[in-house]
Amino acid sequence: MTPLYFLDLAGTFVFAVSGIRAAADKRMDLFGALFLGFITALGGGTLRDMLLGIRPVSWLHDLNYLWTIFAALLFTYTFDHTTERLKKTLFLFDTIGLGVFTVIGVEKALALNIAEPYAVAMGMVSSVVGGITRDTFCGEIPLIFRKEIYATACLLGGTTLILLNDSLNITGMPSYGIVILFVIAIRVVAIKFKLRLPTVTPNAYKNKS
Amino acid sequence: MTPLYFLDLAGTFVFAVSGIRAAADKRMDLFGALFLGFITALGGGTLRDMLLGIRPVSWLHDLNYLWTIFAALLFTYTFDHTTERLKKTLFLFDTIGLGVFTVIGVEKALALNIAEPYAVAMGMVSSVVGGITRDTFCGEIPLIFRKEIYATACLLGGTTLILLNDSLNITGMPSYGIVILFVIAIRVVAIKFKLRLPTVTPNAYKNKS
Amino acid sequence: MTPLYFLDLAGTFVFAVSGIRAAADKRMDLFGALFLGFITALGGGTLRDMLLGIRPVSWLHDLNYLWTIFAALLFTYTFDHTTERLKKTLFLFDTIGLGVFTVIGVEKALALNIAEPYAVAMGMVSSVVGGITRDTFCGEIPLIFRKEIYATACLLGGTTLILLNDSLNITGMPSYGIVILFVIAIRVVAIKFKLRLPTVTPNAYKNKS
């Protein structure tokens, strides 16, 4: 059980919690909660594996992912997430998950000789597609398309990983650690200073509204 | 043409009808109806095959699935589904489809050495993903996330299949028959007694609303 | 760089523009625009490849698709699409894209020994799934399910390609050219005469509304 694997499960756990909470907001039943938890946590890795042609998709070989999602369900029912301390812990793990999923996605793509820009994209897919699917199933335009430096943190993190490998010859766990810390830093700074990406406003729209 | 194959086509037919009717409700055109019929009937098996890495996806090797969906389109245009007798027949076939798709999904996963809990999940994916996609395309939160013992019937059916195989050494058609009857029984009982899964209400929500 | 490849990139460009513009309509940010542009342009080919079992999906081997989407982003920000002339050019390229994606989809399926009716379906999937996904992410029922002869043009184009191959022994670029012109002709005629597919109205609905 490598540190990356442990962090992967931790990220899976927190992503699942966010899916289960979204299900609760929409008054879904237990099955809906489980399904949405599953898809939020593993949807990104699933699409990444399907795009890369890894088959079957990775989690099908490891029951720990399933148990992690059951644990997330139990946890969500049991604890009061409005507690300020828990909120901060969940945010921290969510951001760690973001970094870990990015690292895993980039590494898997590079191992299959995918060009580096696409490897960065695969890192981002691993991280963000779960949340996008969650929001779509809830009948909402995915949050990530409108708010927050979130996917951008993944793209910058993935690019950093490749730069560390190529230019500084830093690989493996040291590079992963740097990338994860970097992703956390970007998100914390972005939220503190309310940084956002600009909205798309082509010329055609500027004279309207 | 084994009995399971025949039931598979029957399930495909009824699932397609439900997709085409949803398209009609939303005033979609002929193409929308065909597309939604297709996705409702074959979407679950498609995702299952893509997750398991079966390629190309199974129906691409068998044109009978395509003809079945055309037949469903013709049928939906021709018959009056408000007739009480037809409603009951469609419900019966829909439930048979649920059981058949569960059996096929579990068997395909086990044949690829997937762990049993995931095999049960693959059985459920075969059965429910089509309906989830149908509802999402119609701009609605999937019914299955909020109502009815439906996915639960698949999960219990899939688990039963594995128990029959492992503990009682009942395999093949006899076990399939038992599972399909069991799934039908669960659904009929659930609807008669209005059984539902509990809604997700984590502690955090209990003091609100 | 064959003519078909060049037209493929041109189609990718215009499809990406339509995704980016949809993102702008929904006030998404830069990432949302890039993501939606990507999915609109490459979503159809991606699903086609996943269904056919081509792995990894084709664009992962060719960075030109990525640069094309960046170019579309730059283009959308820079030019005023309300200009009448630009609108017509975009429409033309969109329709060319439709024809090209159809041709590529049919050819890829046939090369894998998929039966001809499914090959035609794969041609259509290549062409229309991107737009369907775009609309779904925008929280709308896909336009294509309700309006316009669009998917129908792909289906007729794909069928024509197969007829040209089988009956007239016309293959390769000559057949592609004919199909693309045919798809353009269908769309232009359909729009000029406001042709639509009939809406689905099963018998059960005729006495209502």
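None of these values were measured; they are calculated from a predicted model. (Residues numbered from 1 in each chain as written. Chains lettered and ligands numbered in written order. Predicted model: local features only at pLDDT ≥ 70, side-chain atom pairs only at ≥ 80, totals over all residues. Heavy atoms only, no water.)

Undergrad: Break down the overall build of chain A for me, with residues and values.
TA: Of regular secondary structure, chain A possesses eight helices and zero strands. When its helices and strands are written in sequence order, chain A yields α-α-α-α-α-α-α-α. Taking 2.2 N^0.38 as the reference for a compact globule, 209 residues should give roughly 17 Å; the C-alpha atoms of chain A span a radius of gyration of 17 Å, in line with that estimate. The principal-axis extents of the C-alpha atoms in chain A amount to approximately 55 × 50 × 35 Å. In chain A, which comprises 209 residues, the proportion classed as buried is 58%. Partitioning the intrachain contacts of chain A with sequence separation of at least 6 by distance along the chain shows that 73% fall at a separation of at least 24. Accessible surface computed for chain A: about 8900 Å², of which carbon and sulfur atoms make up 65%. (Helix = DSSP H or I, 4+ residues; strand = E, 2+ residues; numbered from the N terminus. Rg over C-alpha atoms; globule rule 2.2 N^0.38 Å. Buried < 20%, exposed > 50% of the residue type's maximum accessible area, 1.4 Å probe, protein only. Contact = heavy atoms within 4.5 Å. Areas by Shrake-Rupley, 256 points an atom, 1.4 Å probe, with all protein chains shown as cover.)

Undergrad: Account for the UniProt feature "transmembrane region" (unreviewed entry) in chain A, naming residues and giving values.
TA: All names here are of chain A. UniProt annotation of "transmembrane region" (unreviewed entry) refers to residues 6-23, 30-47, 59-77, 89-106 and 173-190 when read in the numbering used here. Note that residues 30-47 is 100% helix and 0% strand, and that its end C-alpha atoms are spaced 24 Å apart. A helix fraction of 100% and a strand fraction of 0% characterise residues 173-190, whose end C-alpha atoms lie 25 Å from each other. (UniProt positions renumbered as here; feature names shortened; annotations may be inferred.)

Undergrad: Residues and numbers for the interface of chain A and chain B, please.
TA: Listed per partner, the contact involves 38 residues of chain A and 33 residues of chain B. A combined buried area of about 3200 Å² lies between chain A and chain B, and 70% of that area is made up of carbon and sulfur atoms. If you sort the residues of chain A by the area they bury against chain B, Arg27(A), Phe31(A) and Leu60(A) come out on top, with a joint share of 21%. Our count for the contact surface shared by chain A and chain B stands at zero salt bridges. On the surface where chain A and chain B come into contact, there are five residue pairs in polar contact (both at pLDDT 80 or more). Of all elements in the fold, only helix 1 (3-25), helix 2 (30-52), helix 3 (64-78) and helix 5 (116-137) of chain A reach the threshold of two or more residues within the side of chain A that touches chain B. With nine residues, the single largest contributor to the side of chain A that touches chain B is helix 2 of chain A. (Buried area = accessible area lost by both parts, 1.4 Å probe. Salt bridge = Lys/Arg side-chain N within 4 Å of Asp/Glu carboxyl O. Polar contact = N/O pair within 3.5 Å; in protein donor to acceptor, adjacent residues only side chain to side chain.)

Undergrad: I'd like a description of the pattern of salt bridges, backed by residues and values.
TA: Once the charged atoms of two side chains with opposite charge are near each other, the side chains can pair. Residues and elements named next belong to chain C. All chains considered together, the criterion is met by nine salt bridges over all chains. Here Arg48 makes a salt bridge to Asp49, at a shortest N to O gap of 3.0 Å. Residue Arg48 shares its accessibility class with Asp49, and that shared class is buried. When the shortest N-O distance is used, the salt bridge between Asp135 and Arg134 registers 3.0 Å. We note that Asp135, like Arg134, is buried.

Undergrad: Go over the relation of the copies chain A and chain B with me, naming the residues and quoting the values.
TA: Mapping chain A onto chain B calls for a rotation angle of 120 degrees and an axial translation of 0.0 Å; the resulting RMSD is 0.0 Å. Accordingly, the operation relating the two chain copies is best matched by a three-fold axis. Here only 8% of the contact residues of chain A are again contact residues in chain B; the copies associate through non-equivalent surfaces. (Least-squares fit on C-alpha atoms with pLDDT ≥ 70 in both.)

Undergrad: Go over the side chain of Asp29(B), please, and point to the residues and values.
TA: Residue and element names in this part refer to chain B. Structurally, Asp29 is set in the loop between helix 1 (3-25) and helix 2 (30-52). For Asp29, a relative accessible area of 2% puts it in the buried group. Polar contacts involving the side chain of Asp29 include one to the main-chain amide nitrogen of Phe31, which spans 3.0 Å.

Undergrad: Go over a nonpolar patch on the surface, please, and point to the residues and values.
TA: All names here are of chain A. There is a patch of nonpolar side chains on the surface, built from Val189, Phe193 and Leu195 and spanning about 290 Å² of accessible area. Relative to the assigned elements, Leu195 resides in the loop between helix 7 (172-192) and helix 8 (203-206). For Leu195, a relative accessible area of 43% puts it in the partly exposed group. (Patch = residues over 30% accessible without salt bridge, like charges linked within 9 Å, V, L, I, M, F, W, Y side chains within 5 Å.)

Undergrad: Talk me through the packing of helix 2 (residues 30-52) of chain C against helix 3 (residues 64-78) of chain C; I want residue IDs and the actual numbers.
TA: Residues and elements named next belong to chain C. As a packed pair, helix 2 and helix 3 sit with axes 10 Å apart at the nearest point and diverge in direction by 125 degrees. The angle between the axes of helix 2 and helix 3 places the two elements in the oblique class. Crossing of helix 2 against helix 3: the hand is right-handed. Here Leu30, Ala33, Leu34, Phe38, Ala41 and Leu42 of helix 2 lie close against helix 3, whose contacting residues are Tyr65, Leu66, Ile69, Phe70, Leu73 and Tyr77. (Axes fitted to C-alpha atoms, helices over the stretch in contact; angles between N-to-C directions. Parallel < 35°, antiparallel > 145°, perpendicular 65-115°, else oblique. Left-handed = near helix turned anticlockwise from the far one by under 90°.)

Undergrad: Residue-level account of the packing of aromatic side chains, with values.
TA: Applying the stated criterion across every chain, the model contains 21 aromatic pairs over all chains. On the basis of an interplanar angle of 90 degrees and a centroid distance of 6.4 Å, the ring pair of Tyr5(A) and Tyr65(A) is categorised as edge-to-face. Of the two residues, Tyr5(A) is situated in helix 1 and Tyr65(A) in helix 3; the sequence distance between them amounts to 60 residues. Residue Tyr65(A) is classed as buried on the basis of its relative accessible area of 11%. Centre to centre, the rings of Phe38(B) and Trp59(B) are 5.0 Å apart; their planes meet at 80 degrees, and the pair counts as edge-to-face. Of the two residues, Phe38(B) is situated in helix 2 and Trp59(B) in the loop between helix 2 and helix 3 (64-78); the sequence distance between them amounts to 21 residues. When its relative accessible area of 18% is taken as the criterion, Phe38(B) is described as buried. One aromatic cluster in this structure is built from Phe38(A), Trp59(A) and Tyr118(B). (Phe/Tyr/Trp six-rings, centres within 6.5 Å; stacked < 30°, edge-to-face > 60°.)

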